[in-house]
Structures are given as C-alpha cells and as structure tokens.
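Inside the fold
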Amino acid sequence: MNTLNDFLGRQPAAPELKSVITAVASACTGISRVVSAGAIAGNLGSAGHINVQAEEQKKLDVITNDMLSDMMRSCAPVAGFASEELETVETTGRTGGFLVTFDPLDGSSNIDVNVSVGTIFSILPAPAGRVPAEADFLLPGRNQVAAGYAIYGPQTMLVLTLRDGVYGFTLSAKDEWLLTHERLSIPKDTKEFAINMSNQRHWAEPIQRYVDGCLKGKTGERGKDFNMRWIASMVADVHRVLMRGGIFMYPWDKREPDRPGKLRLMYEGNPMALLVEQAGGQATDAYAPILDVKPEKLHQRVAVVLGSANEVELVRSLSNS
Ligand code: AHG
Ligand code: MN
Ligand code: MN
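One structure accompanies this document, and this report is about it. Numbering of residues starts from 1 in each chain and follows the order in which that chain's sequence is written. Each chain takes a letter, starting from A, and each ligand takes a number, starting from 1, following the order in which they are written. Totals for whole chains, interfaces and linings use every residue, but because this is a predicted model, local features are given only for residues with pLDDT of at least 70 and side-chain atom pairs only at 80 or more, for both listing and counting. For side-chain calculations, the full set of non-hydrogen atoms in the structure is used, while hydrogens and water are omitted.

**Some details on the sheet that holds strand β4 (residues 90–91)**
DSSP calls a pair of strands paired once it identifies at least 2 bridges connecting them. Every helix listed is a DSSP run of H or I at least four residues long, and every strand listed is a run of E at least two residues long, numbered separately from the N terminus. A sheet is described by the order of its strands in space; here 8 strands give the open sequence β4-β3-β5-β6-β7-β8-β9-β10, paired in mixed fashion. In the strand order of this sheet, the two ends are held by β4 and β10 (177–181), each with one partner. Looking at chain direction, strand β3 (residues 78–83) and β4 are connected through 2 bridges and run antiparallel. Looking at the pairing, G80 lines up with T91 of β4. Along the sheet, helix α3 (residues 59–73) contacts β3, β4, β5 (98–106) and β6 (117–125); its crossing angle with β5, the most-contacted strand, is approximately 160°. The contact criterion used is simple: two residues touch if any of their non-hydrogen atoms lie within 4.5 Å. Only the stretch in contact is used when a helix axis is fitted, and all axes are lines through C-alpha atoms; the angle between N-to-C directions ranges over 0 to 180 degrees. The sheet strands contacting helix α7 (residues 265–278) are β3, β5, β6, β7 (146–152), β8 (156–161) and β9 (166–171), and the helix crosses β6 at an angle near 85°.

**What to know about the sheet that holds strand β15 (residues 282–284)**
As summarised here, the arrangement of the 5 strands in space is β12-β11-β13-β17-β15, forming an open sheet in which the pairing is mixed. Two strands close off the open sheet at either side, each with one partner strand: β12 (227–228) and β15.

**Remarks on the coordination of the manganese ion (ligand 3)**
Only E84 (OE), D103 (OD) and L105 (O) from the protein coordinate the manganese ion (ligand 3), and they sit 2.2 to 2.4 Å from it. Each metal site lists N, O and S donors within 2.8 Å (3.2 Å for Na, K and Ca). With water left out of the atoms, a site can look as if it is missing ligands. One chain supplies every donor to the manganese ion (ligand 3), and in sequence these donors are spaced E-x18-D-x1-L. The metal-metal distance between the manganese ion (ligand 3) and the manganese ion (ligand 2) is 3.7 Å, with D103 coordinating both. Residue E84 is located in the loop between β3 and β4, and its partner L105 is located in strand β5; the two are separated by 21 residues in the primary sequence.

**Some thoughts on the site of ligand 1**
Surrounding ligand 1, one finds 18 residues, the nearest of these being D106, G107, W230, M234 and Y250. Contact between ligand 1 and W230: an oxygen atom at 2.9 Å from a side-chain N or O atom of the residue. In this structure, an oxygen atom belonging to ligand 1 sits 3.2 Å away from a side-chain N or O atom of R264. Residue-level accessible areas treat just the shown protein chains as cover; the underlying method is Shrake-Rupley with a 1.4 Å probe. Its free accessible area being 470 Å², ligand 1 has 87% of it covered by the protein chains. Throughout, the protein atoms alone are placed on a 1 Å grid, and a set of points is a cavity if a 1.4 Å probe fits but cannot get out or a pocket if it is open with protein on both sides within 12 Å along at least five of seven lines; lining residues have an atom within 4 Å of a point. More than half of a molecule's atoms within 2 Å of the grid points is what it takes for that molecule to sit in a cavity or pocket. Because more than half of its atoms lie within 2 Å of the grid, ligand 1 is assigned to the largest pocket. Mapped by element, the contributors of at least two residues to the shell around ligand 1 are β5, β13 (247–250) and β14 (263–264). Considering each element in turn, the shell around ligand 1 owes the most residues, 3 residues, to β5. All residues other than Ala, Val, Leu, Ile, Met, Phe, Trp, Tyr, Cys, Pro, Asp, Glu, Lys and Arg, Gly among them, are scored as polar; the first ten of these are nonpolar and the last four charged. Counted by class, the shell around ligand 1 contains 7 nonpolar, 4 polar and 7 charged residues. Residue contributions to the shell around ligand 1 reach at least three from each of two domains, namely domain 1 (4–181) and domain 2 (192–320). The cutoff for a nearby residue is simple: one of its non-hydrogen atoms must lie within 4 Å of the molecule or strand. What qualifies as a polar contact is a pair of N or O atoms within 3.5 Å, subject to a donor-acceptor requirement within protein and to the restriction that residues adjacent in sequence count only when both atoms come from side chains. Residue ranges for the domains trace back to a domain assignment, done automatically or taken from a database.

**Focus: the pairing of β6**
Classification of residues uses two cut-offs on accessible area relative to the type maximum, computed with a 1.4 Å probe and protein chains only: under 20% is buried, over 50% is exposed, and between them is partly exposed. Of all 9 residues making up β6, 8 are buried, and the element is well covered by its neighbours. Where β5 meets β6, 7 bridges bridge the pair, whose relative direction is antiparallel. Considered in β6, the bridge of D103 is made with I120. Relative to β7, β6 runs antiparallel, the two being bridged by 7 bridges. By the bridge assignment, I120 is partnered in β7 with Y149.

**Thoughts on the layout of surface pockets**
Grid points are joined across faces, edges and corners, and a volume is the space filled by probe spheres set on the points. Approximately 410 Å³ is the volume attributed to the largest pocket. Around the largest pocket, the lining comprises 24 residues; the ones closest to its centre are G107, S109, A232, K262 and R264. Per-element tally for the lining of the largest pocket: the top contributor is β5, with 3 residues. Residues that form the lining of the largest pocket fall into these classes: 7 nonpolar, 6 polar and 11 charged. Looking at which domains feed residues into the lining of the largest pocket, each of domain 1 (4–181) and domain 2 (192–320) supplies at least three. Taken as a whole, the second largest pocket encloses approximately 330 Å³ of empty space.

Here's what the structure looks like:
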C-alpha cells in the first residue's frame, strides 16, 4: 500500500509544502496517541480556563495545541501559525513559505464520552520577504494551497487535499499513514441531514423550511424520507458526508444576531469547504460559497451549510429567495 510519503512524492506541489504536510501529519500521529491514552495519562477533563473563543478549554485542547504549535515552530517552511486556542498569531521569524491555521482538537466536548474527535488544518501562502502580520492570514479560503483533517475514531485517518482531489490515509499499527481512500466523491443527492435540532426555534425561516421538508419526508413536497445524524464533532460529521454524502449545517441563529454562526472560518469553515468542493460537493454560508468570504478578523465565525451539491443548492435557493 502507498504511504503518505509515496503519495506526496508523486504530487507536483513544492517540496516546502510537502514538508509542512508531513509535519502536520506527524503531529497528528502524536495527537492520536495522547487522545487514545485518555484517562490512563490523566488527559481527560477540563483545563480549568476559558479560551479566546469564550469556551471552556479541555486539558486535551491545551495539550494538542502545544503539540501542533511545537511542530510548526520546528518546521522550516512555516512562517507563522494561528490556532483556535491561541489569541493571536505566532510568527516563527522566518519569511516566505506558508502560514498554517488549525483547530487542534475539534469536538473536544465529546472527548470525555469517547466519541470521535479530530484536528483540522489549513495551509496558506505566506508573504515573501517579510515576517507575516495577522493581516496576512486574512485571505479568503480560495487561497488555501492545501487543507485537511485527522479524525481520531475507530480508525485514525488523515483526509487531505492539495487542490487536486481528496485523499484519505489510515494510520497503521506501525504509525504509517497508508493511502486507503483515493479521490473521494460526495454524491450529489442524499437522504441524510445533520443539524443540532435543539436550536430549531432560533433558525432563520429558510432553514426552518428546508429542515421541515426533510422531516415531512415522503408525506411532504420532497417526496422522500430523510435520516438525521448529529455527532457534534464537525470532523466526524463532515467525514461521514465525504464518505457517503449528506448535508451538514450549522446555520446563523437569532440568539446572537451579530454572530454569523458558531463555527470558525479560518480553522473549520475554510478547510472543510475546500475538501468538500474538491470532492464535488458544495460549501456555503447558506447564501454564497464559504471560500469567497473575505475574513476581517482571525477568529471570525461563519455559518456552514455543506455537503451533497443538490441539497446545499436547495438551501441556497431558499435562503436567497
Ligand atoms: P470545538 O470542539 O473545536 O470547539 O468545535 C465544536 C464544534 C463542532 O465540532 C461541532 O460541529 C459543534 O461545535 C457542535 O455544536 P453543538 O454543541 O451545538 O452540538
Ligand atoms: Mn472545532
Ligand atoms: Mn477545537
């Protein structure tokens, strides 16, 4: 079976980009170990403080953020990085090369109940000839040169795009990433939707109408029954969409009208949107492609509607009408 190294060897990408991907993958190998050690290593539970997202940090949020940050500091082509868990960007003093943004542990509210979690990452070009500033990170997702995630589930997998299709690698018992899934493709149609239904009363009217159609199933205008799934780890929900189709939504809601959504553009929205588009799906904020959103700040939030193209298109047309 081909390894990640074999795969990268065949890609036309710059060697510097390949070494950033290798570094991220190697951090994810380490993270999969600390995640699976769980209570044995005393890694579960709260870290006892609130992060920049105003969310309670878990011990593993801190541990995994440190692991990835250390890896980025020691990876020569990385000029700077930003994390969901860090208030500001960190620069390495190097110039050129790449910027990396990451959600070190996505779905960390699931960690204590042993449900799949993951690491999401996005790689952007760094400015030439100078140390990057925070403003240099604020590029629309279309500028990503690569993106992916690792999922720590029954199998540990790395799902990756270098803008030419989406590939999945499974971590072997010898800690090798083996190419197991070539050119993932999201079916255009689906009968599966994922949304946190407990927020239903807060959604905008078009989302209410769309989900109502799914719930009515055969007896409504959609004329087919739908199934619902909600893992509450974006990584795991998007992984299912990449494997067998579906629509995943975390829409804007009325509780905090000035906040575009819950999920973060730079660490969650953009990397997942690139993967989904590369697999033939669509990824919008309900109105327009996420990859075209111009970020105004590092920790910006975004509404997310992604997955099977025909369903995402239906939500878009309901929202824009
Ligand atoms: P994180 O653990 O990185 O803060 O992200 C959690 C996110 C995402 O993974 C998931 O889709 C969503 O929060 C779950 O939200 P609910 O608690 O509303 O289900
Ligand atoms: Mn997350
Ligand atoms: Mn996180």
